[in-house]
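# Report on the structure
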Amino acid sequence: VAKQKGRNRIQFTQADMNERVEEELFLSQELVNALAMNQLRVAYQPIICLGTLGVAGVEALLRWQHPDLGEVAPDRFIPLAEDTGLIIPIGEWVLREACRQLLAWEEAGQCCPRVSVNLSVAQFRDSNLVSRIVGILAETGIPPGRLCLEVTESTLASDPELAQEVLGSLRRVGISIAVDDFGTGYSSLAYLRQFPLDVLKVDRRFVARIEEDGDDAAITRAVITLARELGLKVVAEGVEKNGQLRLLRQWACSEAQGFLLARPLWGKDIDLSRLLSGLRKRLENHA
Ligand code: C2E
Ligand code: MG
Ligand code: MG
Ligand code: MG
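It should be emphasised that the depicted structure is a prediction, and the values quoted were computed from it without experimental measurement. (Residues numbered from 1 in each chain as written. Chains lettered and ligands numbered in written order. Predicted model: local features only at pLDDT ≥ 70, side-chain atom pairs only at ≥ 80, totals over all residues. Heavy atoms only, no water.)

### A word on the nonpolar core
- Core analysis: the biggest nonpolar cluster contains 84 residues, and L31, I133, L147, L149, L170 and L248 have the highest contact counts within it.
- Broken down by element, the residue count for this core peaks at nine residues, all from helix 3 (residues 87-107).
- Residues in contact with L170, not counting those within four places in the same chain, are V130, I133, L149, I175 and I177.
- Counting six residues, the second largest nonpolar core, distinct from the first, contains I47, C148, A178 and V235. (Core = buried A, V, L, I, M, F, W, Y, C linked by side-chain atoms within 4.5 Å. Buried < 20%, exposed > 50% of the residue type's maximum accessible area, 1.4 Å probe, protein only. Helix = DSSP H or I, 4+ residues; strand = E, 2+ residues; numbered from the N terminus. Contact = heavy atoms within 4.5 Å.)

### Some words on unusual backbone geometry
- Located in the positive-phi region is N38, a residue other than glycine, with phi close to 65°.
- Relative to the helices and strands, N38 resides in the loop between helix 1 (2-34) and strand 1 (40-49).
- Of the residues examined, N38 reaches a relative accessible area of 56% and is grouped as exposed.
- Non-glycine residue A252 carries a positive phi angle of around 60°.

### What to know about the site of ligand 1
- Surrounding ligand 1, one finds 23 residues, the nearest of these being R63, N118, D180, E240 and F259.
- At 2.8 Å, a side-chain N or O of R63 approaches an oxygen atom of ligand 1.
- In the environment of ligand 1, an oxygen atom lies 2.8 Å from a nitrogen or oxygen atom belonging to the backbone of F259.
- With the chains in place, 85% of the 800 Å² that ligand 1 exposes on its own is no longer accessible.
- At a threshold of 2 Å from the grid points, most atoms of ligand 1 map onto the largest pocket.
- Elements that contribute at least two residues to the shell around ligand 1 include exactly strand 2 (54-66), helix 2 (74-84) and strand 6 (176-182). (Near = heavy atom within 4 Å. Polar contact = N/O pair within 3.5 Å; in protein donor to acceptor, adjacent residues only side chain to side chain. Areas by Shrake-Rupley, 256 points an atom, 1.4 Å probe, with all protein chains shown as cover. 1 Å grid on protein atoms, 1.4 Å probe; cavity = no way out; pocket = protein on both sides within 12 Å on 5 of 7 lines; lining within 4 Å. Sits in = over half its atoms within 2 Å of the grid points.)

### Things to note about the coordination of the magnesium ion (ligand 2)
- Within the protein, E59 (OE), N118 (OD1), E150 (OE) and D180 (OD) serve as the donor atoms for the magnesium ion (ligand 2), at 2.0 to 2.2 Å.
- Positions of the donor residues of the magnesium ion (ligand 2), expressed as sequence spacing, correspond to E-x58-N-x31-E-x29-D.
- A spacing of 4.1 Å is found between the magnesium ion (ligand 2) and the magnesium ion (ligand 3), which share D180 as a donor. On the criterion of sequence distance, the pair formed by E150 in strand 5 (residues 147-152) and D180 in strand 6 is long-range, its members being 30 residues apart.
- Judged by relative accessible area, which is 2%, E150 ranks as buried. (Donors = N, O, S within 2.8 Å, 3.2 Å for Na, K, Ca; no water.)

### Some words on empty space enclosed by the protein
- A full pass over the atoms with the stated rule returns one cavity of 30 Å³ or more.
- The computed volume of the largest cavity comes to approximately 90 Å³.
- Every element with two or more residues in the lining of the largest cavity is listed here: helix 3 and helix 5 (129-140).
- Partitioned by chemical class, the residues of the lining of the largest cavity number eight nonpolar, two polar and three charged. (Points joined across faces, edges and corners; volume = space filled by probe spheres on them. Nonpolar A, V, L, I, M, F, W, Y, C, P; charged D, E, K, R; others polar.)

### Quick word on the packing of helix 5 against helix 7 (residues 160-173)
- Contact geometry of helix 5 with helix 7 gives a least axis separation of 10 Å together with a crossing angle of 20°. In this view, helix 5 runs roughly parallel relative to helix 7, as classed from their interaxial angle. The chirality of how helix 5 crosses helix 7 is right-handed. Contacts between helix 5 and helix 7 pair L129, V130, I133 and V134 from the former with V166, S169, L170 and V173 from the latter.
- Residues belonging to the contact of helix 5 with helix 7 are distributed by class as follows: seven nonpolar, one polar and no charged. (Axes fitted to C-alpha atoms, helices over the stretch in contact; angles between N-to-C directions. Parallel < 35°, antiparallel > 145°, perpendicular 65-115°, else oblique. Left-handed = near helix turned anticlockwise from the far one by under 90°.)

### Examining the packing of helix 3 against helix 5
- Packing of helix 3 against helix 5 brings their axes to within 10 Å, and their N-to-C directions diverge by 30°. Here helix 5 runs roughly parallel to helix 3, going by the angle between their axes. Considering only the axes of helix 3 and helix 5, their crossing is right-handed. Residues I88, E92, L95, R96, C99 and L103 of helix 3 lie in contact with helix 5, whose contacting residues are R132, I133, I136, L137, E139 and T140.
- For the contact of helix 3 with helix 5, a count of residues per class yields seven nonpolar, one polar and four charged.

### Thoughts on helix 7
- Its 14 residues place the ends of helix 7 20 Å apart at the C-alpha level, agreeing with the 20 Å of an ideal helix rising 1.5 Å per residue.
- Taken residue by residue, helix 7 has A163, V166, L167, G168 and L170 as its buried positions.
- In this structure, the buried side of helix 7 is in contact with helix 4 (121-125), helix 5, strand 5, helix 6 (153-158) and strand 6.
- Two residues or fewer past helix 7, G174 is found with a positive phi of approximately 110°. (Expected span 1.5 Å × (residues − 1).)

Structure, rendered in C-alpha cells:
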C-alpha cells in the first residue's frame, strides 16, 4: 500500500509540475501584452513616520489585473517578468507612473515627501539603468532626493561589485537606497558599510511576531539600533497590530508600513491628509 501511495504521490507531483510549467508559460505570454493592454496598475502604500505620525512616503506596488484570471499576485508574475526581460520596460513604466503620481498629489495640494520603487536584479544588470532613471526624473521634474529605490539583499549579494557601482551612481545623483526584506537574505553585516545605503526595511516575517516571540523581538530591536548607529532610517514592514506599533514606537523605530496603518491603494483614492487625521484619531486610543 505504501509503495502504491508513494507512486501515486510521485505521479501527482509530476502532473502538478507540468501544470505549473504550462501555467507559467501561459502567464509569461500574457504578460507580454499586459502593459500595452492597460492591465497593469500601480498601487501605493503609505509609509508613516512614527515620530510625527506624518506620511514619510509611499511605496509603489505593481498590480496586474488579467481579464480572465483576475488579479495575479506580484510574487507570481514578477519572477516571470524578470526571466523574460519584461521587467525592464515594466519597471521603467512603474517608475514613470510613480513620479507622475507624486506630481498629481502635489497639484492637489498634498505633500508626499518620497516615493519608493522596487528594483529587481534584472534591472540592476541593465547597463542603461542609471541613465533611464535620471531621464525619467528629468522628464517628470521630480527631484532625485524624493526617489528611493528598494533592493533586496540577494540583489546586492548576486554581484557585489556591480551593486556597489550602480548604487554609487544612483547615490551620487541624489537618489536614496533602501534594503528591502532586511534580515531574510544572506548578506553579512559588512554589506552595511560596503554599500551606500539610506534605509533598512525590517522584513515583516520578524515584525509579525515581535509581541509573542522573544527572538523576533530581539532581532527587530537589534536592526533598529544598528540602523540608528549607522545613521540609516529603518522601516518596519507588515505592521498589522496595535501592539506591534506600540513596541516599535517604544524602540524608536523611525518609520512603519503595514495594513494597520494603510493598505496599498490606488493613487487617485489616496487622500493623504484625510488618511493622517484618521490614523491619528485611531492611534490616540492605543498610544
Ligand atoms: P515588498 O517590496 O517587500 O512589498 C511589500 C509587500 O508586503 C507588498 O506585497 C505589500 O502589499 C505587502 N504588505 C504591506 N503591508 C502588509 C501587512 O501589514 N501584512 C501583509 N501580510 N502584507 C503586507 P505585494 O504588493 O504583493 O508585493 C510583493 C512583492 O512583489 C514586493 O515585496 C516586491 O518585492 C515585488 N514588487 C511589487 N511591485 C514591484 C515592482 O514594481 N517592481 C519590482 N521589481 N518588484 C515589485
Ligand atoms: Mg519593497
Ligand atoms: Mg519588503
Ligand atoms: Mg518582499
